[in-house]
Amino acid sequence: MKKVIIQLGTLTCPSCMQKIEQGLSQQTGVEKVTVLFNASKVKVEINEKDIQPEDLSKKIEALGYDVEGMKVKGLA
């Protein structure tokens with residue numbers, strides 16, 4: 001399991017947060033999604049056997065949002 005923290009461009013409305021959360025949670029290998037609206041960040045726990053961190057940023061960009069950075073951490 002890996003934890004991926006994605007820095008986004010500024011989110012302008014709560015529906016943006018819901019759109020990202022729903023879009024990512026439907027991906028195979030995504031275990032948990034948390035969107036931090038005020039910080040414009042997304043925290044995602046993934047199973048790397050099924051999905052890669054880069055796939056998450058591609059999905060977010062496909063939904064119409066800017067990805068400004070990404071950190072990947074291993075979970076114990």
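It should be noted that the structure appears before, not after, this text.
Only a predicted model underlies this, so the values are computations on that prediction, with no experimental measurement involved.

A.B. asks: I'd like a description of a positive patch on the surface, backed by residues and values.
C.D. replies: A contiguous patch of positive charge, built from Lys41, Lys43, Lys71 and Lys73, is present on the exposed surface. Among the secondary structure elements, those contributing two or more residues to the positive patch are β3 (41-46) and β4 (67-74). With respect to the helices and strands, the residue Lys73 is situated in strand β4.

A.B. asks: Describe in detail helix α1 (residues 14-25), supporting the description with residues and values.
C.D. replies: Spacing of three or four residues puts side chains on the same side of an α-helix, whose turn is 3.6 residues. Helix length check: α1, at 12 residues, gives a terminal C-alpha distance of 17 Å against a target of 16 Å (1.5 Å per residue), a fit within 8%. For α1, the set of buried residues is Cys16, Ile20, Gly23 and Leu24. Down the axis of α1, the buried side of the element spans an arc of 90 degrees, and every buried residue falls inside it. In α1, those exposed residues whose orientation departs by more than 90 degrees from the buried face are Pro14 and Gln22. Contacts from the buried residues of α1 go to β1 (2-8), β2 (30-36), β3 and α2 (53-62).

What counts, and where the lines are drawn
- All chains use their own residue numbering, which begins from 1 and follows the written sequence.
- Per-residue local features are limited, in this predicted model, to residues with pLDDT of at least 70; the limit for side-chain atom pairs, both in listing and counting, is 80 or more; totals at the level of whole chains, interfaces and linings are taken over all residues.
- Only hydrogens and water are set aside; all other atoms, that is, all heavy atoms of the structure, feed into the side-chain values.
- Each patch is assembled from residues with relative accessible area greater than 30% and no salt bridge, linking like charges that lie within 9 Å and nonpolar side chains (Val, Leu, Ile, Met, Phe, Trp, Tyr) that lie within 5 Å.
- Calculation of accessible area relied on Shrake-Rupley with a 1.4 Å probe; when residues are assessed, cover is drawn exclusively from the protein chains displayed.
- By definition here, a salt bridge exists when the distance from a side-chain nitrogen of Lys or Arg to a carboxyl oxygen of Asp or Glu is within 4 Å.
- The charge count treats Lys and Arg as positive and Asp and Glu as negative. His and the chain ends do not count.
- Every charge is mapped onto a representative atom, which is NZ of Lys, CZ of Arg, CG of Asp or CD of Glu.
- A run of H or I in DSSP counts as a helix once it spans at least four residues, and a run of E counts as a strand once it spans at least two, with each numbered from the N terminus.
- In this scheme, a helix's expected span is set at 1.5 Å multiplied by one less than its residue total.
- We call a residue buried when its accessible area falls under 20% of the maximum for its residue type, exposed when it is over 50%, and partly exposed in between, using a 1.4 Å probe and counting protein chains only.
- Here the arc refers to the set of directions running from the helix axis out to each C-beta atom.
- Contacts are assigned to residue pairs that have any heavy atoms within 4.5 Å of one another.

Interpretation in functional terms is not warranted from these geometric data alone.
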